[in-house]
Amino acid sequence: MATAVLEQLLARSSMPRLAAPAPDDMQLDQVLRAGLLAPDHAYLRPTRLHVVTEDGLVRLGDLFARAFLDSDPDATEKALDKARGKPLRAPMIIVACCHPSEHDKVPAIEQIASTAACVSLMQTALDSLGYGSMWRTGPMAYHPLVREQFGLTDQDHLLAFLYVGTAKGKPRVREQKQLDDYCRRF
Ligand SMILES: Cc1cc2nc3c(=O)[nH]c(=O)nc-3n(C[C@H](O)[C@H](O)[C@H](O)COP(=O)(O)O)c2cc1C
């Protein structure tokens, strides 16, 4: 018999269409705390989260347009407007970054895995509160101008723009995976 958590996980779906309201401050606090409890080898605390709302979404859009123009100096106004509008697809974006430390037993990949787990836990926490989310990256996650604004050095990574809000539309109905295609007993 599935527990409530399992039922939630087995029905999980990314929700691309998101509108206000976003989580309130108390809910956001819980979501961020749940994420930051992700497994973290040697407690190196590699994850940093940036919550973007309201004016911040507009500033992020301007940053995306600048970065887009930097990559393509011939970009049309239409293309720049599209880039500028991307963060406005949700009332909140949580930007998840990984700042790996040098450690003799914990390579960077483990620290990146910890940040990825954080994002996934936040999605589960948001689901449980009745909010939708969508993990996005795209070229903006790797653009030097964007990376600089989030304080990333060459060793750091922008793992996610986690778009958050109230889901519009229904979750996708999923086909059951054939476990044998992906799972083996060792
Ligand atoms: C690291 C990472 C980056 C992603 N970036 C994007 C993205 O930029 N655009 C997108 O449409 N989906 C992106 N996805 C996939 C979606 O978040 C989502 O998982 C996918 O649409 C499948 O939907 P589901 O989560 O409901 O199975 C990304 C997923 C991961 C793990």
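Everything discussed here concerns the structure shown above.
Owing to the predicted nature of the structure, the values given are computational and were not obtained by experimental measurement.

Visitor: Describe the overall build of the protein, with residues and values.
Guide: Broken down by element type, the protein carries seven helices and five strands. Counting from the amino terminus, the protein carries its helices and strands in the arrangement α-β-α-β-α-α-β-α-β-α-β-α. In terms of overall dimensions, the protein is globule-like: its C-alpha atoms have a radius of gyration of 18 Å, near the 16 Å expected for 186 residues. Seen along its three principal axes, the alpha-carbon backbone of the protein occupies a region of about 55 × 45 × 40 Å. Taken over 186 residues, the protein has a buried fraction of 30%. Residue pairs at least 24 apart in sequence account for 80% of intrachain contacts in the protein once pairs closer than 6 positions are excluded.

Visitor: Got a sec to walk through the packing of helix α2 (residues 25-36) against helix α5 (residues 108-128)? Specific residues and values, please.
Guide: Taken N-terminus to C-terminus, the directions of α2 and α5 make an angle of 140°; their axes are 7 Å apart at the nearest point. Remark: the crossing between α2 and α5 carries right-handed chirality. From α2, Gln 30, Val 31, Ala 34, Gly 35 and Leu 36 reach across to α5, where they touch Cys 118, Val 119, Leu 121, Met 122, Ala 125 and Leu 126. For the contact of α2 with α5, the per-class residue count stands at nine nonpolar, two polar and no charged.

Visitor: Tell me about the pairing of strand β5 (residues 157-167), and please be specific about residues and values.
Guide: For β5, the buried fraction is high: ten of the eleven residues fall into the buried class. Note that strand β1 (residues 18-19) and β5 share two bridges and pair antiparallel. Looking at the pairing, Leu 18 lines up with Ala 167 of β5. Of the pairings in the sheet, the one linking strand β3 (residues 92-98) to β5 comprises seven bridges and is antiparallel in character. Following the sheet pairing, Ile 93 is matched in β5 by Tyr 163. Across five bridges, the pairing between strand β4 (residues 132-136) and β5 is antiparallel. Residue Met 134 lies in a different strand from β5, and its bridge partner there is Tyr 163.

Quick notes on the rules
Residues numbered from 1 in each chain as written. Predicted model: local features only at pLDDT ≥ 70, side-chain atom pairs only at ≥ 80, totals over all residues. Helix = DSSP H or I, 4+ residues; strand = E, 2+ residues; numbered from the N terminus. Rg over C-alpha atoms; globule rule 2.2 N^0.38 Å. Buried ≥ 20, exposed ≤ 12 C-beta atoms within 10 Å, placed from the backbone. Contact = placed C-beta atoms within 7 Å. Axes fitted to C-alpha atoms, helices over the stretch in contact; angles between N-to-C directions. Left-handed = near helix turned anticlockwise from the far one by under 90°. Nonpolar A, V, L, I, M, F, W, Y, C, P; charged D, E, K, R; others polar. Pairing = 2+ DSSP bridges.

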